[in-house]
Amino acid sequence: MSLFSNYTNPFEFNSGSSRFTNLNILVPVLAILTVITVVIAKMGVMGFVITLSFLMLISLVYAIFQNPKIGIILLIVLGFFVTGIARYIPAPWGLSIDGLLVLLYVALFFKGFGNKLPWHKAKSSLTLLVSIWMGYIILQLGNPEAQSLEAWFYAMRGVALYQWLSIPLFFLLFNKQKDLNTFFVIWGILSILGTLKGIQQFQFGVDPFEQRWLDQGGAETHILFGKLRVFSFFSDAGQFGASQAQAGVVFGILALFKKGNIKLRAFFISVALFGFLGMLISGTRGAIAVPALGGIVFLILRKNLKILLLGAILGISVYVFFAHTNIGQNNAEIRRMRTAFDPNDASFQVRLANQKKLKGYLASRPFGGGVGATGNWGQRFTPHTFLANTATDSWYVMIWSDTGVIGLMYYLFMLFFILITGAYNVMFKIKDENLKIQITALTCGMAGIMMASYGNGVFGQMPTGILMYVSMVFMFNSPQIDARKRKASIQLH
């Protein structure tokens, strides 16, 4: 037998069908390369950037179709950067969240042809709650007080759509202990980056792009008495302060009870410290509500008298420090935080006055003035209306103004049902100690954000919104995770 009897010439096509297949690959590749070359030749550096961006986008879409969980991780990351990047490259970046969510559903649709997807995992009272809320927001299209379809479209995304689309995806794709661990690592890294960017603004000032944003109107709320309210790469200082306070609470609890892994505990401690530092330099008074209520909920969930007493002493000490002393009054950040404890504060009195005016206006409007009637969207699309020209300042006051007392009552019921479910699972259902601490941290973080949302419109904005949706799913899914862990432990032994 010849030594080369099994050798195949790589340049020789074995059949007509293989020749056709190779041509099918070769022709599109050559066509794409030709188009890329022409674009670069015509447009120079910009053509190269456009081409590179296009290729990266194609690669990303392919990766998501192969593994949709990549899209979930990207969704969390985008939540942190999607508003800040608009200061550097003006574009409707917020719509990238919409596009990614739709892409994930399209990827799952095609994946369903080859594999039966476990959609039953999304069957939950949480999914039902957010679906009812989304239904109510859709019915708001028929609200006789609503004056702008465009305002409804833009506003309803943060109010209901993102939540409604995200939660089933998380139940389906992001539902294991490993995913929860990954979530904390990603969140921690991004939170540290947020505070580092904030420190840069605090110590060295804003960059030219951020200065342009301040000059175009941002300075009205972010330069107070000549002092910058730090906003990092977040939408505003209020969102930055509340989000970093939430990270401080969540990772502080994780660090407090983490055993064994010294590196991971050091990471949790670092995130917590950076989080509280970010809260402090943001100059956001309402952010202090996050550790305040988060701490109270933590003490209740632990069911430990000693910890409860120590926590009560700490809480009272913090209150006395801010409300009844002048210690640190020379520090601008402490001085601003202290005003949150002053019931006679001028801005607080203005808020109360606005709420009184809204109460009179909404008394005869149980369904509100229509989604998007208030805030930025109201100013943009219906600037002549009463609601557009009355500051809400609060997430709940905005919900009340847009959807009426009926909408507000259901929305609060939904949030408290979610919070109580998480607390119940921690106190009575979860047996695994590590998982119990993780869900405790998420529940306390959510409680704090709920409280802070009275002072600022933080709940539905990014990244707080997406962090809340992931947290909600794990709070509901934790008994199943716990059961799987116990089953695996039994099988191991």
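Structure: see above.
The sections below set out a description of the structure shown in this document. Keep in mind it's a predicted model, so treat the numbers as computed, not measured.

**Here's the deal with a nonpolar patch on the surface**
- A surface patch of nonpolar side chains, about 380 Å² in accessible area, is lined by Phe81, Val185, Ile189, Leu193 and Leu196.
- With four residues, the single largest contributor to the nonpolar patch is helix 6 (residues 177–204).
- Along the chain, Leu196 falls in helix 6.

**Here we look at the nonpolar core**
- Counting residues in hydrophobic clusters, the biggest one holds 119 residues, and the most contacted among them are Trp133, Trp187, Phe251 and Met472.
- With 15 residues, helix 15 (residues 395–429) is the largest single contributor of residues to this core.

**Structural notes on unusual backbone geometry**
- Along the chain, Met462 connects to Pro463 via a cis peptide bond; the corresponding omega equals 5°.
- Secondary-structure assignment places Pro463 in the loop between helix 16 (433–452) and helix 17 (464–492).
- A positive phi is found at Ser232, a non-glycine position, where the angle reads about 55°.
- Looking at the element boundaries, Ser232 is found in the loop between strand 2 (227–228) and helix 8 (237–257).
- One non-glycine residue, Asp393, lies in positive phi territory at about 65°.
- Relative to the helices and strands, Asp393 resides in the loop between helix 14 (375–381) and helix 15.
- You can call Asp393 partly exposed: its relative accessible area is 32%.

**Quick look at the side chain of Ser394**
- Structurally, Ser394 is set in the loop between helix 14 and helix 15.
- By relative accessible area, which is 3% here, Ser394 ends up buried.
- In terms of polar contacts, Ser394 uses its side chain to reach the backbone amide nitrogen of Val397, at 3.3 Å.
- Engagement of the side chain of Ser394 in a polar contact is seen with the backbone oxygen of Tyr454, the distance being 2.8 Å.
- Contacts of Ser394, omitting those with residues within four sequence positions, involve Ser453, Tyr454, Gly455, Asn456 and Gly457.

**With respect to the pattern of salt bridges**
- Applying the stated criterion to the full structure yields eight salt bridges.
- Glu433 serves as the salt-bridge partner of Arg302, at 3.7 Å between the closest nitrogen and oxygen. Within this pair, whereas Arg302 is found in helix 10 (residues 289–302), its partner Glu433 is found in helix 16, the two being separated by 131 residues in sequence.
- As a salt-bridge pair, Asp432 and Lys485 come within 3.0 Å of each other at their nearest N and O atoms. Here Asp432 is found in the loop between helix 15 and helix 16, whereas its partner Lys485 is found in helix 17, with 53 residues between them in sequence.
- Of the residues examined, Asp432 reaches a relative accessible area of 23% and is grouped as partly exposed.
- For Lys485, a relative accessible area of 25% puts it in the partly exposed group.
- Ionic contacts of the salt-bridge type, sharing partners, join the residues Lys197, Asp207 and Glu210 into one network.

**Digging into helix 8**
- The terminal C-alpha atoms of helix 8, which comprises 21 residues, lie 30 Å apart, in line with the 30 Å expected from a rise of 1.5 Å per residue.
- Of all the 21 residues making up helix 8, 18 are buried; the element is thus mostly covered by neighbouring parts of the structure.
- N-capping of helix 8 is provided by Asp236, with a side-chain oxygen placed 2.9 Å from the backbone N of Gly238.

**Details of helix 16**
- For helix 16, which comprises 20 residues, the first-to-last C-alpha distance of 29 Å matches the rise-based estimate of 28 Å (1.5 Å per residue) to within 8%.
- With 17 of 20 residues buried, helix 16 is to be regarded as a mostly interior element.
- The N-terminus of helix 16 is capped by Asp432, whose side-chain oxygen sits 3.3 Å from the backbone nitrogen of Asn434.

So, how was this worked out
- Residues numbered from 1 in each chain as written.
- Predicted model: local features only at pLDDT ≥ 70, side-chain atom pairs only at ≥ 80, totals over all residues.
- Heavy atoms only, no water.
- Patch = residues over 30% accessible without salt bridge, like charges linked within 9 Å, V, L, I, M, F, W, Y side chains within 5 Å.
- Areas by Shrake-Rupley, 256 points an atom, 1.4 Å probe, with all protein chains shown as cover.
- Salt bridge = Lys/Arg side-chain N within 4 Å of Asp/Glu carboxyl O.
- Helix = DSSP H or I, 4+ residues; strand = E, 2+ residues; numbered from the N terminus.
- Core = buried A, V, L, I, M, F, W, Y, C linked by side-chain atoms within 4.5 Å.
- Buried < 20%, exposed > 50% of the residue type's maximum accessible area, 1.4 Å probe, protein only.
- Polar contact = N/O pair within 3.5 Å; in protein donor to acceptor, adjacent residues only side chain to side chain.
- Contact = heavy atoms within 4.5 Å.
- Expected span 1.5 Å × (residues − 1).

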